[in-house]
Amino acid sequence: MQHNVNWLQALLVLSLSVTLGWTVEVQRPRGVPLTKRQFYDEAKPFTCLDGSRTIPFDRVNDDYCDCKDGSDEPGTAACPNGSFHCTNAGYRPTFIPSSRINDGICDCCDGTDEYNSGASCQNTCKELGRKEREALQKLAEITKEGFLLKQQLIEEAKKGQQEKQSRLSELQDSRKGHEDKVEALRTVKETAEQPEKEAKERHLKAWEEHKAALRLEKEKAKMAEVFLELDDNADGFVDVSELQTHQELDPDGDGTLTDTEAQGLLGGAHKVDSTEFMNMWSNMKEKYVSEVCPPTPSSYDSSHDEQKDSTSDKDQERDLDKDPDSVYPEDDLDEDAAGEDDEDDDDDDDHQVSLLFCIATPFIQPHHIFLSQQYICVCVYQRQYKIFMYTLSTVSSVCERERWCLLCNAALLPFSFRALEKEISFDFGPSSEFAYLYSQCYELTTNEYIYRLCPFNRVSQKPKYGGSETSLGSWGSWSGPEDNKYSVMKYEHGMGCWQGPNRSTTVKLTCGKETAVVSTSEPSRCEYLMEFTTPAVCLEPPNIDTQVHDEF
Amino acid sequence: MGALSLGWFALCLGVAVAVDRGNFKTCEQSAFCKRQRAMKAGQSPYRALLDTLELSDSRVTLQLINDNNKVHLLLELYRLQGNMTRVKINELKPLKPRFEVPDVLIADPPTEPLSVVSRDENGVVLSLGDEARRLIVSAQPFRLDIVEGPQVLLSLNSRGLLAFEHLRPRKDTSTFGKLFSLNSLPMSAHQAPDGGSEDDNQPGLWEETFKSHTDSKPNGPTSISLDFSLPGVEHVYGIPEHADNLKLKSTDGGDPYRLYNLDVFQYELYNPMALYGAVPVLLSHNAQRTMGIFWFNAAETWVDISSNTTVFGKMLDYVQGASETPQTDIRWISESGIIDVFIMLGPKPADVFTQYASLTGTQSFPPLSALAYHQCRWNYNDQEDVRAVNQGFDEHDIPCDFIWLDIEHTDGKRYFTWDPSKFPKPLEMLQDLTDKRRKMVAIVDPHIKVDSGYKIHSELRSKNLYVKNKDGADYEGWCWPGNAGYPDFIRPDTRAWWASMFAYDQYEGSTENLYTWNDMNEPSVFNGPEVTMHKDAVHGAWEHRDLHNLYGFYVQMATAEGLIQRSEGKERPFVLTRAFFAGSQRYGAVWTGDNAAEWDHLKISIPMCLNLNLVGISFCGADVGGFFKSPSTELLVRWYQAGAYQPFFRAHAHMDTPRREPWLFGPENTALIREAILQRYALLPYWYQLFYHAYLTGQPIMRPLWVEYPGDASTFAMDDQYLLGRDLLVHPVTEEGARGITAYLPGQGEVWYDVHTFQKHNGAQNLYIPVTISSIPVFQHGGSIIPKKLRIRRSSSCMENDPYTFIVALSPQRTAEGELYIDDGHTFSYRTEKKFIHRRLTFANNTLTSRNLALDSQFSTPSWIERVVILGAQKPNKVTLRMADGAESSLDFEFDTAMSVLTLRKPGMNVGADWSILLQ
């Protein structure tokens, strides 16, 4: 992009010089630009521009190299390091190496480099200039629109970033408590594995006690939640009218929770505070239906058997002691196709609602924990820590198993924390304008392959007509040049090549209205190149109105 | 490209770091070699029947008899013009004709009369002309000695290892007999191949199995062998192609050097294993004399070399105080054909080259651009890739003449076609290159995809031009395209047909700037024995066994002919081949095959090309950068520097390696590589003159130092430096992290000039030169004049009319001489119409003169002389240019006192004119 802007500026200079060039015919030795004209004065001996020596002026352009810097032969091929200036009226003036003078190839669009080679060069400058102006105009339009889109992206990213930050701090707060619990459970597990029977029993007892304690704690938490749910006006008391929003608590089953009945449930008081509510809770907890736990959708009809199947599947049981990240081979993530990603996003809220109840946290980001329609929970089961895979439907049933919920939550929290932390830690550009690409995937189909770019995640290639997918690299870094770091993405450590390096992919980003992979190639056996358009790299267009104005 | 066969297998298996030796036979695993090598010296059963001697104008014939089996052989002796002797031995009455190599000799070698000097019952003495040169035939045991005065130059069968397995009918071999012979007969010396015991039951005579391949051997044992003794010789060279030092090593205790054209995957260095090509020519050299032995046989051949000057032999001499003459013994063993040997008697290295060239021809004179830089890769993926690479050279201002396309450019490895999606518009692509005055080479391999929809295949099949298998059906093997047939290039009609396929209207998408590369022409057969064709495959009357080493020779011959014919005989062809044989120099260039990006491979490129140059094939190069694996940047830079000074200068890389175009390694390395290529282009006039000289005379281009300094024993085993022509000494840096090199500058009383600094150094010294990464140590011989063009452009064509600079390096006697050759650079008009300029430049008596060497030639060029640089000069008072018409003008000059360099500014005369420049 930087490049293109320079073109625009260069064009401006050109259009001015064109005017000058037509009106004033300036005499100067062949191949000398106007700016250096004053150094070539026919009336004086010529001093090489590097000052190395002075020669008679008739040795300028006499087809023999006298100056080390080549400055005495601007219009011949005599000097190995010389350069020739093409005026290129109507287009951009340029310098070409002296070696291209009279080599039989037209290099300057005005043809001035081939004055003695027999090559017949057409003057193509006007045509080139016209084409370039058109191209620049088009580019400018794209840039303009793209830049507007980019502003929106930045706005959205800002919001998203704030949201994530606050989620993260909340998570950080609750994390400590969960970690303690997990630690306690870990101890239980370790001790539970003692082979001696006695020890086993002792620990079993400890376990039961601990379980009871956990249950109590959970109960308390649940109750506190219910209290908050019921306390609609948030005055710190649950009163009769607030209780009446839960008709299911109706003790006589006539379908109506009367004032009296409600008051009865509240121990005869008109309203109770949270401490008092604790005593009443046992009377209503059997019937209470949470306002937040959604009814199980009918489509989620997978049976418990399925859950049992999956839990008994040894392949899916993994020790919690392992680094959670290592538990999931990355390739397993390949299942969801690009098209499903949008759906996933739409579904996120639902997932979170169902999980909210289950694991009491709304902060689960699905990327690394949830496979398509599958959730992973780490739970205690028969005194062992296990990782279970649940389908979405079974999560609902799990939700109802309260004794698991806390454990699941405790186990899941580090994942969600990590995922969020990871996302926040990505460099999404100076204004987070690339944040929208996160968790998205883009595909391009060529003759043989389907290429897939999931920004900040991975690049892969799959044969069009069947065959396994090949990783072309995982997110590495921004690797554009220093002045334009965000123009190139590098994905590294893909699948290894025979006798070669691991596959890697360079993604070149260019300004465009659409976000899309526009081309892929494999310039070198294991090194892929993708061109990717996105508004996020569109630079603020220069004031084109002025530009156009100058044209006329 | 050519990552062959095994590469292909290895890929599947995911193994293989280096050559899998198990895929290739040792002598022990080759039945005839094992039989022959088991023979003991000194027990020759052969006797010359002197009374059968017949003398004619051109030859002497004589029968030999094997006293063990009474089989008669016919010995023919020829004295050839130019100091050569030819010795032929065949069966007197073979059951059927034995194969004699066709098409390799450029003509029937002209003979000179032999005469009988003396004769008795023990032998005959024949005169080989004057100088007391005699050919002595001893009767019992049969032996030949060539002597000059009192000195024996060379002896044949002096160790009694002549063995000629005569053709025989197959005896009834019962199942029992077969089993017995296969399982229980020990292989021992008594079953000598000379028929000492006619035991037809020994294994390997009528059938031989290697790995899963069985060779049916319908003709039974047919091998031949002969030994040569070279008294006074310690150094022998030649018999390429082997990845070994220049000086051949003793094969005692190891395998002989093997000559059998094979596609060897990831070949190992410093061993005698066979590689892609075979030239059965061995040179011997000592301070007095250089000779050559041309074993004219195209079957699988093994060469044993032994010497009494091994460390052990020398110690023995020392202990015993003996002064035994050093001697080298050579033994050739071939699987079939006849014994046909050309003995080239020198005596000078240049004489041997002339003698050999008179037999097999000289180096073809390539188009000038073929001497420039070639950019190759397996593969440039598509037209866009080619466009970008072409543009890359311009962007980085690096010259390049050729861009190459490997097998992936074809439509499914169907040669003569283009991949329709990657190369949909080859004409456009070639026009893009033409626009930059560049050219292209596309690969055409000899394995033809069996596919009835493929024109090349269906024509071959319908014309019945394929090689046949032993059962008479078309031979089919596995190669790049899958199942493939192999045209029978031994047939003239196949070659004519093949050549016609290069016509512009046959080879769609070809133009005159598209040239050809023949790879895999050993031939490579992925699923064949030793990755090549079955020996019992059939070429008309002959078995593949008889002519295996000729296959690649013919492929290149037919291809070169095709390129000539497509231009109606006007344009010179350029064809690169991987497989070769004696005489392949006539058809183009060779390269050292699939090397690797390792320092040792860079080092070995020098002796490999030197040995090829010694046997006529001057146009040699190695893949710059190394084919397999990825070079470090330092290695890549050093390889460009070395490659810039080798005849064929092409960068190439395996498909699985990262890209390595010259500009991909940062500005500093780009500049280093560019500088190496620029040096190549500046020297193109010298290269061109060297190639013309090689074409004219058969003298090699890359020469071991001993070729020019035959008396200097310190040069005899030197292969880390060499001479280009006579006048440039090149010692490339081939050590990683080198800080200095020691170059040996030969010539007592001579001087050498560093071509970069013009620093003068005395000859006959080891000179230590500190080096940096930019150093390419090259020295110009004092006494030489080298033409250069210092305006380097994007391709050699662009430099066609540019002016010349002459570098005149004065000898201590203040003399110098050199040559200049110019023509249009690409047509045959230099020989059909004598359109060329060939001049001698001489500096003597303070006068530099240009004299026409070819008065009947005519060619005009706009090129003029822009500069004359005289090294080792004194400051003149005045410099005068005198033209042929007597016109005189004074020249400007500069004199560098520190370096004694005189530069004459812009003399300006046309380079084709007669002129002289006088320093006063």
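You'll find the structure just up there.
Keep in mind that this is a model prediction, so the values were computed, not measured.

(A) Structural context of the pattern of salt bridges. Scanning all chains against the criterion turns up 84 salt bridges over all chains. Asp 62 of chain A is the salt-bridge partner of Arg 905 of chain B, the closest N and O atoms lying 2.9 Å from each other. With Arg 905 of chain B in strand E52 (residues 901–905) and Asp 62 of chain A in the loop between strand E2 (54–55) and strand E3 (83–86), this residue pair bridges two chains. Residue Arg 905 of chain B shares its accessibility class with Asp 62 of chain A, and that shared class is buried. Residue Glu 28 of chain B is joined to Lys 34 of chain B by a salt bridge in which the shortest nitrogen-to-oxygen separation is 3.3 Å. We classify Glu 28 of chain B as exposed; its relative accessible area is 53%. Bridged by salt links that share partners, the residues Asp 215, Arg 258, Glu 300, Glu 335, Glu 530, Lys 535, Glu 543 and Arg 545 of chain B form one connected network.

(B) The arrangement of the interface of chain B and chain A in detail. Facing the 38 residues of chain B at the interface are 29 residues of chain A. Interface area, chain B with chain A, both sides summed: about 2700 Å², of which 40% is carbon and sulfur. Where chain B meets chain A, there are nine salt bridges. Across the salt bridge formed by Asp 892 of chain B and Arg 59 of chain A, the nearest N and O atoms sit 2.6 Å from each other. The interface formed by chain B and chain A holds 15 residue pairs in polar contact (both at pLDDT 80 or more) in total.

(C) The packing of aromatic side chains, seen in detail. Taken as a whole, this structure holds 72 aromatic pairs over all chains when the rule is applied. A centroid spacing of 4.6 Å and a plane angle of 50° characterise the contact between Phe 434 of chain A and Trp 478 of chain A, whose relative ring orientation is tilted. Of this pair, Phe 434 of chain A sits in the loop between helix H11 (402–425) and strand E9 (442–445) while Trp 478 of chain A sits in strand E12 (residues 470–478), and the two are 44 residues apart along the sequence. Its relative accessible area of 1% is what places Phe 434 of chain A among the buried residues. Residues Trp 475 of chain A and Tyr 491 of chain A carry aromatic rings whose centres are separated by 5.4 Å and whose planes lie at 65° to one another, so their mutual orientation is edge-to-face. Of the two residues, Trp 475 of chain A sits in strand E12 while Tyr 491 of chain A sits in strand E13 (residues 488–492), which places them 16 residues apart along the sequence. Put simply, the rings of Phe 426, Phe 428, Phe 434, Tyr 438, Phe 456, Trp 475, Trp 478, Tyr 486 and Tyr 491 of chain A pair up and form one aromatic cluster. Above the ring of Tyr 515 of chain B, the side-chain terminus of Arg 566 of chain B is found at 5.6 Å from the ring centroid. The side chain of Arg 650 of chain B reaches across the aromatic face of Trp 591 of chain B, ending 5.0 Å from its centre.

(D) Spotlight on the sheet that holds strand E16 (residues 527–534) of chain A. Residue and element names in this part refer to chain A. Spatially, E9-E10-E11-E12-E13-E14-E16-E15 is the arrangement adopted by the eight strands of the open sheet, whose pairing is mixed. Unpaired on one side and paired on the other, E9 and strand E15 (516–524) mark the two borders of the sheet. Taking each pair of neighbouring strands and ignoring which way they run, the sheet shows an average axis angle of 25°. Sheet analysis places E15 next to E16, joined by six bridges and oriented antiparallel. The partner of Val 517 across the bridge, within E16, is Phe 532.

(E) Focus on the side chain of Asn 595 of chain B. Residue and element names in this part refer to chain B. By secondary structure assignment, the location of Asn 595 is in the loop between strand E32 (589–591) and helix H12 (599–614). One polar contact links the side chain of Asn 595 to the main-chain carbonyl oxygen of Asp 623, over a distance of 3.3 Å. In this structure the side chain of Asn 595 is engaged in a polar contact, spanning 2.8 Å, whose partner is the backbone nitrogen of Phe 627. Residues in contact with Asn 595, not counting those within four places in the same chain, are Tyr 267, His 601, Ala 622, Asp 623, Gly 626, Phe 627, Phe 628 and Trp 639.

(F) Helix H6 (residues 383–395) of chain B, seen in detail. Across its 13 residues, H6 of chain B extends 18 Å between first and last C-alpha, which sits within 8% of the 18 Å expected from 1.5 Å per residue. Every buried residue of H6 of chain B is listed here: Gln 383, Asp 385, Val 386, Val 389, Asn 390, Gly 392, Phe 393 and Asp 394 of chain B. Those residues of H6 of chain B hidden inside the fold are in contact with E15 of chain A together with strand E22 (373–375), strand E23 (402–405), helix H7 (426–435) and strand E24 (439–443) of chain B. Looking one or two residues past H6 of chain B, Asp 397 of chain B carries a phi angle of roughly 55°, positive in sign.

(G) Summary view of the sheet that holds strand E26 (residues 476–479) of chain B. All names here are of chain B. Reading across the sheet, the three strands line up as E25-E27-E26 and stay open at both edges, with antiparallel pairing between neighbours. This sheet does not close on itself; its edge strands, each paired only once, are strand E25 (448–449) and E26. Looking at chain direction, E26 and strand E27 (residues 482–485) are connected through four bridges and run antiparallel. Bridge pairing in E27 links Cys 479 to Gly 482.

Rules used in this analysis
Residues numbered from 1 in each chain as written. Chains lettered and ligands numbered in written order. Predicted model: local features only at pLDDT ≥ 70, side-chain atom pairs only at ≥ 80, totals over all residues. Heavy atoms only, no water. Salt bridge = Lys/Arg side-chain N within 4 Å of Asp/Glu carboxyl O. Helix = DSSP H or I, 4+ residues; strand = E, 2+ residues; numbered from the N terminus. Buried < 20%, exposed > 50% of the residue type's maximum accessible area, 1.4 Å probe, protein only. Contact = heavy atoms within 4.5 Å. Buried area = accessible area lost by both parts, 1.4 Å probe. Polar contact = N/O pair within 3.5 Å; in protein donor to acceptor, adjacent residues only side chain to side chain. Phe/Tyr/Trp six-rings, centres within 6.5 Å; stacked < 30°, edge-to-face > 60°. Lys NZ or Arg CZ within 6 Å of the ring centre and 35° of its normal. Pairing = 2+ DSSP bridges. Axes fitted to C-alpha atoms, helices over the stretch in contact; angles between N-to-C directions. Expected span 1.5 Å × (residues − 1).

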